[in-house]
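The lines below spell out each chain.
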Amino acid sequence: MGIDTIESKDIDAEAVLGSAVERREDPALITGEAEYTDDIQRPNMTHMAVVRSQYGHATIEGVDTSAAEELDGVLAVYTGEDVDVPGMIPTGWQLPSLKNPDRPMLATDRVRHVGEAVAVVVAEDRYTAKDGVDLVDVDYDRQDATVDQSDALDDDAPRVHEELDDNVAFDFELGDESATNDAFESAAHTAEVDLENQRVIPNAMEPRAALAEYKPSSGDLELDLTTQNPHLHRLLLPSVLDVPEHKIHVRAPEVGGGFGSKSPLYPDEALASWCSMQLGRPVKWTATRSETYQTDAQARAHQTTAEIAMDEDGTIQAVRVNTIANIGAYLSIFAAAIPTVLYAPLLSGQYEIPSIYCNVVGSFTNTVPVDLYRGAGRPEALYVVERLIDLGAREVDMDPAEFRRHNFIGPDEFPYETPVAVTYDSGDYEPALDRALEMLDYDDLRERQEELRDEGRYIGVGFSSYIEACGLAPSKIAGSLGAQAGLWENGLVRMHPGGKVTAFCGTSGHGQGHKTTYAQIVADELGVPYDDVEIVESDTDEVPEGRGTYGSRSAAVGGSALSTSAGKVVEKARKIAAHQLEADEADIDFEGGEFSVSGAPERSMTIQEVTQQAYLAQDLPEGMEPGLEETAFYDPENFVFPFGTHAAVVEVDPESGEIEFENYVAVDDVGPQINPKIVEGQVHGGIAQGVGQALYEVAEYDDNGSLVTGSMQDYTVPKAEHIPHMETDSTETPSPHNPLGVKGVGEAGTIAAPQAVVNAVVDALEPFGVDHIDMPLTNESVWQAVNESAVAD
Ligand code: MCN
């Protein structure tokens, strides 16, 4: 389904919400006017480069900085010994069994992953800083490393943190183990799979960068950052740097993509800030692409045994999941949440499953720390669920689409409480499946599959009926699950005396089109022209508070904060209008930006006229303050649970293992769409990343903890030609608990796509008895699966 974009001047004011208005962000991005962190110059600016470990595990016997210090243009070289502030990068999540070893911003006695910072060089220009790095001589004593998440749990595995008894970061469980075991005992059918959700590396276009300026006279620290959440940085940095929160000013200029990996606070940003505090001069750091590979948080890295139990007629009775999750060398900020509370609660998928049990052990390894990457925990869960569903269907000899339908949670069962601690807000799963089947021409497709098999050609169709939990997060629930900060969102709507509007939100868009969609929300609520609304984000000085952008939270939580603030503006304006029109407040109607007296529409004032009066302040209701601006801290009642059905159609050549896409259909339900074009773009981008994981991407380490896929030459980021043609459509099931009814879309495609692709390939190879292949499905792994399978013909 193609959606035509409309120019803002053509928007019907009544239909601003839900219009495919063109993104107002794009002209600056396309013309090069947009300013990124690395574009910013400050007078007297210096440059920082980082000495990083080339070893996965080593003790540091000494660091000789003398040659670097002598280099012309080098201003300072610092090692961990010089750090005079706490300097420990915090984690943001607690779990009952969690071990949280210190993560220094500069290593002192030991490095635990390749790329870990050991020293920094600050110089007058970036080339000298890099030359200085080459002159720093670190005397390492190489240690045995542990890399694989399961091997790390062996008693004799090299210890990542010598002060801990083992490499277990946490041991988490959810669900009813004994009821689940009982269900398996009595099940008519069971199926099991061992699968790996491989480690991947986010690849934002813009590498991370920081420009820090500490002003010794005032004690202010100004920080331009490639971040998804400036306020979270302001919240965390005081404990690292010993600078009070109100003296930290964080701004995210244009950010060239993040995909979750620009959420954490990393050592590098803290280091640039600390160096500026030492030198009293601005310090800029911009990662090279190799540094992003070695330092940006990596993701997934799960090893799982999953089982499904069914009764005689194919009704699911239970699911049992045991996962080992690789955490990397340290606990990055969301690391403890991702494989636990963002993973296990999604294991019910779209299905009514009486019993579920899940155990997750997190293991420390000598690898780059793991954190958010598009979907974070939910792609891993849905991969497990949807692979199990296909295996279950095969086991009971049912068509996979019908097996799904047979086990769906019914539309009347919402809100639906799962056995894994979440309550789905709303859902209606069959229409999305039906629409996908229609788009596929499913019956014909199956017939064609049979015919082609007779000709020695193998096409397959793979479904993914996914669920997603986003809109992070209700603070109470998140807190009970371990969050160390409230996850509400802040919105402020200011009517200016001239009738224009500036709205501020604590989220921080970095490609999602917030300035467009938020303006649509505010214009709709206030009844003002869309072009009269300006949106401000990503600046802790301008936006009082905020929690940033990740977990597809901005529409549901940020949008709701803005909608609530705008609603408060209307309520104050209504009081003023009532006063001025000499009518009772209850008799004032508001529509299309106009207040009028019920039954006497000629007695009316526009919201702009009311605003003028609010600032003129000569005739306001008794006791009312002048001005017209309102703020809201919106804390959602629950997560939102978007869903949909995606399906991939592929042809597989069993002789070569090559996979070719024939089709990809996606039917998503994200509630009402604020801007269908932006929603479509988000779905497309998400699917591209999901396909990337299914077919191409994998981060490989050798046994010493060296990152083998440390550059784009070795790590396959899919190109446009690798991405299938996509047909998208949607159904609309509003969330009952936010004012807009919206659910998030930013991660949906990435959560849905991998298993649609894997299920399609496995379906194509059914005649060969192939029932599972681990991602990425390379030509070689597909060819091997065909050749190793027992029933190869
Ligand atoms: N939207 C809408 N109608 C809805 C839901 C959303 O029009 N029913 C719009 C929103 O208003 C917003 C966009 O769609 O403009 C995405 O909204 P949402 O789902 O709330 O997600 P966030 O804005 O919070 O973005 C975060 C999400 C995540 S978690 C990752 S990862 C991701 C993603 O967004 N990273 C991205 N999309 C990305 N897109 C780009 N270009 N770059 C990234 O780094």
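Residues numbered from 1 in each chain as written. Predicted model: local features only at pLDDT ≥ 70, side-chain atom pairs only at ≥ 80, totals over all residues. Heavy atoms only, no water.

Trainee: If you had to explain the overall build of the chain to someone new, which residues and values would you point to?
Mentor: When helices and strands are tallied, the chain shows 18 helices and 28 strands. Compactness check: the chain gives a C-alpha radius of gyration of 28 Å against a globular reference of 28 Å for 793 residues, within 12% of the reference. By the burial criterion, 63% of the 793 residues in the chain qualify as buried. A sequence separation of at least 24 residues applies to 79% of the contacts in the chain between residues at least 6 apart. Summed over all atoms, the accessible surface of the chain reaches about 28,700 Å², with 44% contributed by carbon and sulfur. Both charge centroids of the chain, one from 50 positive and one from 145 negative side chains, sit 6 Å from each other. (Helix = DSSP H or I, 4+ residues; strand = E, 2+ residues; numbered from the N terminus. Rg over C-alpha atoms; globule rule 2.2 N^0.38 Å. Buried < 20%, exposed > 50% of the residue type's maximum accessible area, 1.4 Å probe, protein only. Contact = heavy atoms within 4.5 Å. Areas by Shrake-Rupley, 256 points an atom, 1.4 Å probe, with all protein chains shown as cover. Lys, Arg positive; Asp, Glu negative; His and termini not counted. Charge placed at Lys NZ, Arg CZ, Asp CG, Glu CD.)

Trainee: Lay out unusual backbone geometry in plain terms, naming residues and giving numbers.
Mentor: In this chain, phenylalanine 414 is followed by proline 415 through a cis amide linkage whose omega measures -5 degrees. Within the element layout of this structure, proline 415 appears in the loop between α9 (400-407) and β16 (416-417). Even without being glycine, alanine 301 reaches a positive phi, approximately 60 degrees. Topologically, alanine 301 is positioned in strand β13 (residues 299-310). On the basis of relative accessibility, which here comes to 4%, the residue alanine 301 falls in the buried class. The backbone phi angle of serine 538 is positive, close to 70 degrees, even though this residue is not glycine.

Trainee: Outline the site of the ligand, supporting the account with residue identities and numerical values.
Mentor: Near the ligand there are 32 residues, and of these Gln512, His514, Ser554, Gln682 and Val745 occur at the shortest range. In this structure, glycine 511 approaches the ligand through a main-chain N or O atom, which is 3.1 Å from a nitrogen atom. Isoleucine 674 places a main-chain nitrogen or oxygen 3.1 Å from a nitrogen atom of the ligand. Relative to its unbound accessible area of 840 Å², the ligand is 95% covered by the protein chains. Looking at the shell around the ligand, the elements that each hand over two or more residues are α13 (514-526), α14 (554-580) and α16 (676-695). Ranked by residues supplied to the shell around the ligand, first place goes to α16 with three residues. (Near = heavy atom within 4 Å. Polar contact = N/O pair within 3.5 Å; in protein donor to acceptor, adjacent residues only side chain to side chain.)

Trainee: Let's hear about helix α3 (residues 126-135): which residues, and what values?
Mentor: Along α3, the residues classified as buried are Thr128, Ala129, Gly132 and Val133. One side of α3 holds all its buried residues, which, seen down the axis, span an arc of 150 degrees. Turned more than 90 degrees off the buried face of α3, the exposed positions are Tyr127 and Asp134. Those residues of α3 hidden inside the fold are in contact with β1 (46-52), α2 (66-70), β3 (74-79) and β5 (117-123). Sitting at the amino-terminal end of α3 is aspartate 125, which places a side-chain oxygen 2.9 Å from the backbone nitrogen of tyrosine 127. (Arc of directions from axis to C-beta.)

Trainee: Which residues make up the domain arrangement of the chain, and what are the values?
Mentor: In terms of domains, the chain is made up of domain 1 (42-143 + 225-255 + 262-277), domain 2 (299-472 + 638-788) and domain 3 (488-634). The C-alpha centroid of domain 3 is placed 40 Å from the C-alpha centroid of domain 2. With 21 residues of domain 2 at the contact, the number on the domain 3 side is 19 residues. Interface area, domain 2 with domain 3, both sides summed: about 1,400 Å², of which 65% is carbon and sulfur. Among the residues domain 2 hides against domain 3, the three largest losses belong to Leu472, Ile674 and Leu740. Together they make up 35% of the total. Where domain 2 touches domain 3, the interface holds eight residue pairs in polar contact (both at pLDDT 80 or more). (Domains from an automatic or database assignment. Buried area = accessible area lost by both parts, 1.4 Å probe.)

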